[in-house]
Each structure stands twice: as C-alpha cells, then as structure tokens.
Amino acid sequence: MFSINNIIRENIKNLTPYSSARDEFKGEASVYLDANENAYGSPLEQQYNRYPDPLQYKVKKRLSDIKGVPPRNIFLGNGSDEAIDILFRSFCNPGVDNVILVPPTYGMYQVSANINDVYVKNVLLTEDYQLNMEGIAEAIDKHTKIIFICSPNNPTGNSINRDDIETLLANFNGLIVVDEAYINFSRQKTFIQELTEYANLVVLQTLSKAWGLAGLRIGMAFASEEIIEVMNKVKPPYNINEASQELALKALQNVEQVNGWIKETLAQRDRLVLNLKNFDFVLDIFPSDANFILVKTTDPKAIYNFLVEKGIIVRDRSKVDLCEGSLRITVGTPAENDILLNTLQEYK
Ligand SMILES: Cc1ncc(COP(=O)(O)O)c(C=O)c1O
C-alpha cells in the first residue's frame, strides 16, 4: 500500500518550513512594516515593492476553475522544472534512493537526479516507444521512490498507453509522475481526473507550451493534498514572482485564444507530416500527440547544419537512444512552416 510516510525523507518530515511575513499575517492592513520591503514603491510604473502571495491563491483559484481540481491539490513551480526538482528533494535521499526513467524522455529528470545525487535506473522504452513493463517491474527495488513518465513523450511525441500507467499506479508503492507538458495537443485525456483514485499520482503540466507563457516560468503539479503540502514546505517561499502571477491570471482568461492556437497547431502538424513525407531524405515520421514531430532522416547532422545556415533551428536528437537519425521539429506558424518546407526543398 502506498503511504506518504513511507516515502517522504525523514528530514523533510521533521522540517519546520520558513515562515514569511506574508504567512504570518494574511489579512488586509493599511500599514505594512513587517517584511523589510521598500515602503516608497518601485522605480517603475507597476509597483512590485511588496512580496508576492507565497501560495499564489488567485492563480490557483483560476486554474482550479479550468482544470476542475481544488486549489489545495495544486502546486505551482517556477516552471515544471522546479516541481521536478522539489519532488527529488522531498522524497529521495541523496546517495540512497533511486528513480526509474524511461528514455528516450525529457532530459531534466536525469539532470535533477544528478544534482540531487539520486541514482537513476534507466529502462528504455520499447521500439514502439511504449513502456517496457517487465523491465520496470525488475528495476523496482525498496529504494525506488519515483517513476517519471512523460506522456505525450518528449522527444518521441507519442502518448504512453494509459493501461500501462494505471497498472504502475495500482502496483507501485512510490510516486508515479505523469508529465503532461504537451497534453493540450493530445487526443488522450489527462490523468488529473485519476487523482481521487490514486494517492501516489503526481500530474505535471505547464503554462510554457500551449499557453504560450514559457517566459513567465509557471509549472503545475496536481496531486493529493498531502503531497502538495510537502512540496509547499520544501519550495522557496516566494517561488512565483508577482509579475508572473499577475500576467498568468490575465492570460488564464484567454482560453478561447489558446484553444484557437491549439487547433491551428494540430492542423499545421498534419500539414508538416504530409509534406515532409515527400522528401527522400525523410525515412519516417513518428505519430505525434504534441506540438512537435520526431522525423527520422538519412542524414540528421547534415540537415541540421544546413538548416542552421539558413537561420532555422531544429533539435538534433540523433544521438539519443532509440532516436537514431532523428530531428525533433516544433510546429511553427504557417509562415514559419512554409519557410522550413521551402528551405528543405533546396537540400540535396
Ligand atoms: C516534458 C516536459 N516537461 C517539462 C518541461 C519544462 O517545462 P517548464 O517550462 O514548465 O519548466 C518541458 C520543456 O521542454 C518538457 O518537454
């Protein structure tokens, strides 16, 4: 049986978190002399002289309306990269515990593990980019705290079979992190609705992709109240700055615009696939549930360099296990995709 008490680090369980001025007085007052801020203002049109809400209630309330999850089940990070790091710091004892990664996948899980001195057990995806369930079962030991699954997966673009993820959720006594950074582009439904079913589920999403807010650095983790409480204890007190909170709140009113872009991106993705198939240096294009496609080519390095010379940057993934020969191409605007396709016409 999963129990948070079996996986939380002892020092985190016993941690007294930092108590900020904004934690200690939460009401409205006319004179704030409690946080050593500059009482005169900011040398800007906008005023940022006050510390932001440490728990970002307004943004969470809006996200709660959109996602159908209570604010107490939402953690906000300075990008989902911060949420990933905080999961390591909360649940993995350096030099003792391990996590399971299923490459090829998003690179930050490995980097965060290395920073936190947490051992990584890699279980490669199968040839069709699905979970190797037997391999994962064999890799789990008593020190395995987290299994990271990215779905839709970066860099392969496909979604991971839902039944396999559910099997892991039902049988693994550590955390299953399902990273849904690209879920808005997917035909699959989110795992958020499974939160009431599985106490060991953490779903990551981000405002950096479909929402078009990569520069604001806001990532989300959805999980049980117990897990969210631990993450809030470990995070830096003011991890989401005031400007980001204000702008995110404003942006989250524009659901229609974002939905329009998603629709356009999917149409452009289909168009790219259709047109790229015609090039004889393209060997394969993997089915994508994301806003990018993985394209297997005869000559990835040469094509990459050719595109760079023309001012077009794609991602060379050809050195990554199971991605030999492949370039990862983000779906651009119609005009950008025109430029890409026209430029590739010139490639011999
Ligand atoms: C799968 C996946 N997760 C997380 C991230 C990072 O997101 P954020 O900008 O919220 O840190 C990325 C960014 O490329 C990603 O591909």
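Residues take numbers from 1 onward in each chain, read along the sequence in its written order. It should be noted that, the model being predicted, local features are given only for residues of pLDDT at least 70 and side-chain atom pairs only at 80 or more, the latter also being counted only at that level, while totals for whole chains, interfaces and linings use all residues. The basis for every side-chain value is the complete set of non-hydrogen atoms in the structure, without hydrogens or water.

A. Quick look at a negative patch on the surface. Note that patches include only residues with greater than 30% relative accessible area and no salt bridge, and the join distances are 9 Å for like charges and 5 Å for nonpolar side chains (Val, Leu, Ile, Met, Phe, Trp, Tyr). All accessible areas in this document rest on Shrake-Rupley with a 1.4 Å probe, and a residue is counted as covered only by the protein chains that are shown. One speaks of a salt bridge when a side-chain nitrogen belonging to Lys or Arg is within 4 Å of a carboxyl oxygen belonging to Asp or Glu. Here the positive residues are Lys and Arg and the negative ones are Asp and Glu; neither His nor the chain ends is included. A single reference atom marks each charge: NZ on Lys, CZ on Arg, CG on Asp, CD on Glu. Where like charges cluster on the molecular surface, the negative patch consists of Glu127, Asp128, Asp321 and Glu324. Using a relative accessible area of 55% as the deciding quantity, one classes Asp128 as exposed. Burial classes follow relative accessibility: with a 1.4 Å probe on protein chains only, a residue under 20% of its type's maximum area counts as buried, one over 50% as exposed, and anything between as partly exposed.

B. Looking closely at the packing of helix H5 (residues 80-91) against helix H9 (residues 225-234). Between H5 and H9, the least distance of the axes is 9 Å, while the angle of their chain directions is 95°. When the axes of H5 and H9 are compared, the pair comes out roughly perpendicular. Between H5, through Ala83, Ile86, Leu87, Arg89, Ser90 and Phe91, and H9, the contact on the second element is made entirely by Ile227, Val230, Met231 and Val234. Residues are grouped as follows: Ala, Val, Leu, Ile, Met, Phe, Trp, Tyr, Cys and Pro are nonpolar; Asp, Glu, Lys and Arg are charged; every other residue, Gly included, is polar. Partitioned by chemical class, the residues of the contact of H5 with H9 number 8 nonpolar, 1 polar and 1 charged. In this analysis an axis means a line fitted to C-alpha atoms, helices contributing only their contacting stretch, and an angle means the value between N-to-C directions, from 0 to 180 degrees. We count a stretch as a helix when DSSP gives it H or I for four or more residues in a row; a strand needs E for two or more, and each element gets its number in order from the N terminus. For classification purposes, an angle smaller than 35 degrees is called roughly parallel, one larger than 145 roughly antiparallel, one from 65 to 115 roughly perpendicular, and anything else oblique. In this description, contact between two residues means that some pair of their heavy atoms is separated by no more than 4.5 Å.

C. Inspection of the side chain of Gln56 at higher detail. By the element assignment, Gln56 lies in the loop between helix H3 (21-24) and helix H4 (57-67). For this analysis, a polar contact is any N or O atom pair within 3.5 Å, provided that within protein one partner can donate a hydrogen and the other can accept it, and provided that sequence-adjacent residues contribute only side-chain to side-chain pairs. Among the polar contacts listed, one links the side chain of Gln56 to the backbone oxygen of Pro54, at a separation of 3.0 Å. At 3.0 Å, the side chain of Gln56 and the side chain of Asn239 are in polar contact. Once you skip the residues sitting within four places of it in the chain, Gln56 turns out to touch Leu76, Lys235, Asn239, Ile240 and Gln245.

D. Fine view of the pairing of strand S2 (residues 98-101). What you see with S2 is no split at all: Asn98 and Ile100 on one side and Val99 and Leu101 on the other are buried throughout. At least two bridges found by DSSP between two strands are what make those strands a pair. Pairing of S2 with strand S3 (residues 119-122) involves 4 bridges; the strand directions are parallel. Bridging from a neighbouring strand, Leu101 pairs with Asn122 of S3. Here is how to tell: hold the view so the strands point away, follow the path from the first strand over the helix to the second, and if it runs clockwise the crossover is right-handed. Between S2 and its parallel partner S3, the chain crosses via helix H6 (residues 108-115), and the hand of that crossover is right-handed.

E. Looking closely at the site of the ligand. Taken together, 13 residues form the shell around the ligand, and within it Ser80, Asp179, Tyr182, Thr206 and Ser208 come nearest. A distance of 2.7 Å separates an oxygen atom of the ligand from a polar backbone atom of Ser80. Here an oxygen atom of the ligand sits 2.7 Å away from a polar atom, N or O, in the side chain of Tyr182. About the coverage of the ligand: the protein hides 92% of its 400 Å² of free accessible area. Here the shell around the ligand is composed, by residue class, of 4 nonpolar, 5 polar and 4 charged. Residues are counted as near a molecule or strand when any one of their heavy atoms sits within 4 Å of it.

F. Inspection of the pattern of salt bridges at higher detail. In total, this model carries 15 salt bridges according to the counting rule given. In this structure, Arg162 and Glu166 form a salt bridge, with 3.9 Å as the shortest nitrogen-oxygen distance. In this pair, Arg162 and Glu166 are both assigned in helix H8 (residues 162-171), 4 residues apart and thus about one turn of the helix distant. Of the charged contacts, one joins Glu194 and Arg162 as a salt bridge, the two residues approaching to 3.1 Å between their closest N and O atoms.

Interpretation in functional terms is not warranted from these geometric data alone.
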